[in-house]
Amino acid sequence: MTLAEAIAAVKTGETITFLADIDEDVTIKQVKNVKFTIDGANYKYYGTMTVNGTGYAGAQGQALTIKNVNFVATSGSTCINLGVSGNNNTRYTNNVTVSGCTFTDGDYTAVAVKSYTGGDKNLVIKDCIATGMHSLAQLSNVKEGLVISGCDVDTKNGLNLGS
């Protein structure tokens, strides 16, 4: 099963656990009242995870935890995208936690976590390590509940938090 297939089949309360390194771009569409976890089990992930919100500004009971993933970025890429630029139906991610992940690039051009559309709520980035990246986070207009804690950041620009 691919990661995309596992995400499409996941039910609330379940955990998707990596069994090997993965080289795949995936889109995770948040669904009302569906809460699940992606556990990388410290395997490497070569690709981008795009998290699309519900299109509603209010939380709809959805939650996503991404933990223990060793993201290996390519030049100029983003490891975790929140929303897609220009599409109102994929805005407003809610209750996303990124925990215990590593992000490595080497040429200081990739971003670990980036919000494209703004309006996100309850974003937590904790206990992560970003090395050789452009920045740990580029976040535009996180409406409420932004927590960044316990992270080790060796990046070109650290954090970029817009209004």
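Residues numbered from 1 in each chain as written. Predicted model: local features only at pLDDT ≥ 70, side-chain atom pairs only at ≥ 80, totals over all residues. Heavy atoms only, no water.

*Asks:* What's the story with the pairing of strand 3 (residues 26-29) in this structure? I'm lost.
*Replies:* Put simply, side chains in a regular strand alternate between the two faces of the sheet. On strand 3, burial follows the alternation: Val26 and Ile28 on one face are buried, whereas Thr27 and Lys29 on the facing-out side are not. Alignment of strand 3 against strand 6 (residues 49-52), held across four bridges, turns out to be parallel. Residue pairing across strands places Lys29 opposite Asn52, the latter belonging to strand 6. (Buried < 20%, exposed > 50% of the residue type's maximum accessible area, 1.4 Å probe, protein only. Helix = DSSP H or I, 4+ residues; strand = E, 2+ residues; numbered from the N terminus. Pairing = 2+ DSSP bridges.)

*Asks:* Sorry, what's going on with unusual backbone geometry here?
*Replies:* Excluding glycine, a negative phi dihedral is what most residues carry, and trans is how most peptide bonds are arranged. One non-glycine residue with positive phi stands out, namely Tyr108, at about 60°. As for its position among the elements, Tyr108 is in the loop between strand 11 (102-104) and strand 12 (111-115). On the accessibility criterion, Tyr108 (34% relative accessible area) is partly exposed.

*Asks:* Would you mind going over empty space enclosed by the protein with me for this structure?
*Replies:* Over the atoms a probe the size of a water molecule is rolled, and this reveals where empty space is left. For the structure shown, the criterion picks out one cavity of 30 Å³ or more. Looking at the largest cavity, the residues that line it are Ile28, Gln30, Val31, Val34, Phe36, Gln62, Ala63 and Leu64. Within the lining of the largest cavity, the residues separate by chemical class into six nonpolar, two polar and no charged. (1 Å grid on protein atoms, 1.4 Å probe; cavity = no way out; pocket = protein on both sides within 12 Å on 5 of 7 lines; lining within 4 Å. Points joined across faces, edges and corners; volume = space filled by probe spheres on them. Nonpolar A, V, L, I, M, F, W, Y, C, P; charged D, E, K, R; others polar.)

*Asks:* Is there a simple way to think about the nonpolar core in this case?
*Replies:* The nonpolar side chains of soluble globular proteins are, as a tendency, buried together. Membership of the largest hydrophobic core comes to 38 residues, with the highest contact counts inside it found for Leu3, Ile28, Tyr45, Met49, Phe71, Ile80 and Phe103. Apart from the residues within four sequence positions on either side, Ile80 is in contact with Met49, Val51, Ile66, Phe71, Val98, Phe103, Ala112, Val113 and Lys114. (Core = buried A, V, L, I, M, F, W, Y, C linked by side-chain atoms within 4.5 Å. Contact = heavy atoms within 4.5 Å.)

*Asks:* What should I look at first to understand the sheet that holds strand 2 (residues 22-23) in this one?
*Replies:* Across the sheet, which stays open at both edges, the six strands sit in the order 2-5-8-11-14-17 with parallel pairing between neighbours. Edge positions in the sheet fall to strand 2 and strand 17 (152-155), since each of these pairs with one other strand and no more. The pairing of strand 11 with strand 14 (residues 129-133) spans three bridges and is parallel. Paired with Phe103 across the bridge in strand 14 is Ala130.

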